[in-house]
Amino acid sequence: MEKLEKLESLREAYGEELSILGEKNKNIVVLDADLSTSTKTDLFGKKFPDRFFNMGIAEQSMVSAAAGLSLAGKTVFSSTFAVFLSNTYNVIRQSICYNNVPVNFVVTHSGISLGEDGPTHQILEDVGIMSGLPNMKVIVPVDAAETRRVIDYLSKKKDSPYYVRLTREKFPVLNDSNYDFHEGKSVTFRDGKDITIIAYGIMVSFALKAAEILKNKNIDVRVINMSSIKPIDRDAIIKAAKETGKIVTAEEHSVYNGLGSRVSEIVAENYPVPVKRFGMPDIFGKSGKGMLLFDYFHIGVNDMVKATEEFYKEEFK
Amino acid sequence: MEEYNPNYLAGIAKEIRKKIIEMTYTAKSGHPGGSLSITDVLTVLYFKEMNVDPLKPQDENRDILIMSKGHASPALYATLAVRGYFPQNILNGFRSIDSDLEGHVHRGIKGVESSTGSLGQGLGVAIGFAIASKLDKKDNKIYAILGDGEMEEGNIWESLMAANKYHLNNLIAILDRNRIQLDGFTENIMPLDDIGEKVKTFGWDIINIDGNDMGEVISAIEKAKKSKNKPTMIVANTIKGKGVSYMENNPKYHGAPPKNEEEYNQALREIGGI
């Protein structure tokens, strides 16, 4: 039996938090590329029109101008859909990351949970793209509460650029309002001794549900929220490898270059144990109801239960 | 026009040109052509028009210059060194493994505001600075130096629109119209035609000048500084490789230093270095 979940929008939490921070911090400026009513930066824009810049459908100049504003000392948030920010890879690479300016990119509508807009918009590669850039840090908040804390944290940070990946769909609330975000630290939502699922985003909720089901099969699953993907919590990963012997990674992202790759690298270098990467194979998404697409692509809760159980029972010699 | 000493500025430009030749010849690589074309503009900016102080490189009211055509690093580095931002002997290390003078413009160098090299980004970066200055009610000026080949980049046209939208009269773009890009002449690679007219339709003021005539450069910048509500682009018609006869208007020297000692000595002789 599934409990009734409380769902909340991460992008709305972003827009709300930004407009609260804008009150106290007059140094904050926000840029968007004609998607502010969807990314929710319009909440800031309506309150502080002088510090809100709608750059039009022109992501390259938005990112370039973000670099200039940041170099001039402003606290910059820049938003669009995740897929469109990747238009500007080389602008981010040179003007943001090589300059090492503390621009905060907060992008929405990532992954297949975006739904009906389809594969052109459902980016599943961005965590890999952004993690590969020197100086760039990558965070995927798990719920609205974590989103608020991350945005608050970034409004005070001045040492590097950040990529914060949000979604269109409302996600289950997992943290209470006392939650505090710590960069580079994971949160163990559920302890377990048999196997660990390390996840981010919606996959943390899936993993908690899968763990309940697997409990009935006498498999004790640890569930870790790895919202800080770069820097990543190496200690928690190595500890999980030592204590549970097997690790499943789960992400709404390609299994290439995402969390699965990062965890595999750390495990392989430090304490080799079998790792199963659960996520999108090397394919594009499709149109459909966002939450139905997970089952369609065999990356839903039941698929996670099956994959974890099989992997747990599999013997490696 | 304010009083200025043309001989003084001409002497500075010679010194900078000589250093461009020395740097690229020593490094056996680099981009002398587009450095020599923009030297007169840089000389006017750093030795007459810009409010900058090498002793206070982070002064909050300083004018800002973004060298969007980052391959003209020899020209910018040499200008900064001659202006006193760092010792001139540092220029000898250009492009070498034990030097901070990276091949393309690098923000780690004193006086450099933003790293550039991948083209098309500097105008947008300058727009960010210009917006910030307006928010902070500063009356400093923001300069962006663009290559003409660079005008082929889409980001430039996005940024041209944004500068118009935000009425950035504190932004002065200077287009180094030397008519040559890496593969050859701009009009053969991708015709720019009357590029100033195109930019004008994007809401900018345009001033056409001979960009190797420092008197004209000064007049244009002083006019641009007085703009009430529009960004200005100064279309500086220049000669690529200006000052070295075998480099002038020769696409080969976009990204190649003097080939041998004979060419090296000839270049310095023609510039008036020795």
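The structure reproduced in this document is the subject of the present report. (Residues numbered from 1 in each chain as written. Chains lettered and ligands numbered in written order. Predicted model: local features only at pLDDT ≥ 70, side-chain atom pairs only at ≥ 80, totals over all residues. Heavy atoms only, no water.)

Some thoughts on the interface of chain B and chain A
Quick note on the threshold: Two residues qualify as a contact provided that any one of their heavy atoms is within 4.5 Å of a heavy atom in the partner residue. The term buried area denotes the loss of accessible surface (1.4 Å probe radius) that occurs when two parts are joined, taken as the sum for both partners. Definition used for salt bridges: Asp or Glu carboxyl oxygen within 4 Å of a side-chain nitrogen of Lys or Arg. Under this definition, polar contacts are N or O atom pairs within 3.5 Å; protein pairs additionally need one hydrogen-donor-capable and one acceptor-capable atom, and for neighbouring residues in sequence, both atoms have to be side-chain atoms. Only DSSP runs of H or I covering at least 4 residues are called helices, and only runs of E covering at least 2 are called strands; the numbering of each starts at the N terminus.
Contacts between the two partners involve 26 residues from chain B, matched on the other side by 26 residues from chain A. Of the roughly 2,000 Å² buried between chain B and chain A on both sides combined, carbon and sulfur atoms contribute 55%. Considering only the side of chain B, the residues that lose the most area to chain A are Gln-121, Leu-135 and Glu-158 of chain B, jointly responsible for 25% of the buried surface there. For the interface between chain B and chain A, the tally reads one salt bridge. Of the charged contacts, one joins Asp-136 of chain B and Lys-74 of chain A as a salt bridge, the two residues approaching to 2.5 Å between their closest N and O atoms. Between the two partners, chain B and chain A, sit 18 residue pairs in polar contact (both at pLDDT 80 or more). For the side of chain B that touches chain A, the secondary structure elements donating two or more residues are α4 (122-135) and α5 (154-165) of chain B. Of all the elements, α4 of chain B adds the most residues to the side of chain B that touches chain A, at eight residues.

What to know about the packing of helix α2 (residues 33-49) of chain B against helix α8 (residues 214-225) of chain B
All names here are of chain B. Threshold: Only the stretch in contact is used when a helix axis is fitted, and all axes are lines through C-alpha atoms; the angle between N-to-C directions ranges over 0 to 180 degrees. Should an angle lie under 35 degrees it is considered roughly parallel, over 145 roughly antiparallel, and from 65 to 115 roughly perpendicular; all remaining angles are considered oblique. By the definition used in this description, the sense in which the near helix is turned from the far one sets the handedness, with an anticlockwise turn below a right angle giving left-handed and a clockwise turn giving right-handed. Each residue gets one label: Ala, Val, Leu, Ile, Met, Phe, Trp, Tyr, Cys and Pro are nonpolar, Asp, Glu, Lys and Arg are charged, and the others, such as Gly, are polar.
Orientation of α2 relative to α8, taken along the N-to-C sense of each, is 60 degrees, at an axis distance of 10 Å. The pairing of α2 with α8 is recorded here as oblique in orientation. α8 is crossed by α2, and the crossing has right-handed handedness. Mapping the contact onto sequence places Asp-40, Val-41, Thr-43, Val-44, Leu-45, Lys-48 and Glu-49 in α2 and Met-214, Val-217, Ile-218, Ile-221, Glu-222 and Lys-225 in α8. Looking at the contact of α2 with α8, its residues break down into seven nonpolar, one polar and five charged.

Focus on the sheet that holds strand β4 (residues 75-79) of chain A
Residues and elements named next belong to chain A. Stated formally: What makes two strands pair is DSSP finding at least two bridges between them.
Overall, mixed pairing links the seven strands, which are arranged β3-β2-β4-β5-β7-β6-β12 in an open sheet. What marks the edges here is a single partner per strand, and that holds for β3 (52-54) and β12 (228-230). Across this sheet, the average inter-strand angle for adjacent strands is 20 degrees, counted without regard to direction. Here strand β2 (residues 28-32) runs beside β3; their pairing, made up of three bridges, is parallel. In the strand pairing of β3, Val-30 is matched with Phe-52.

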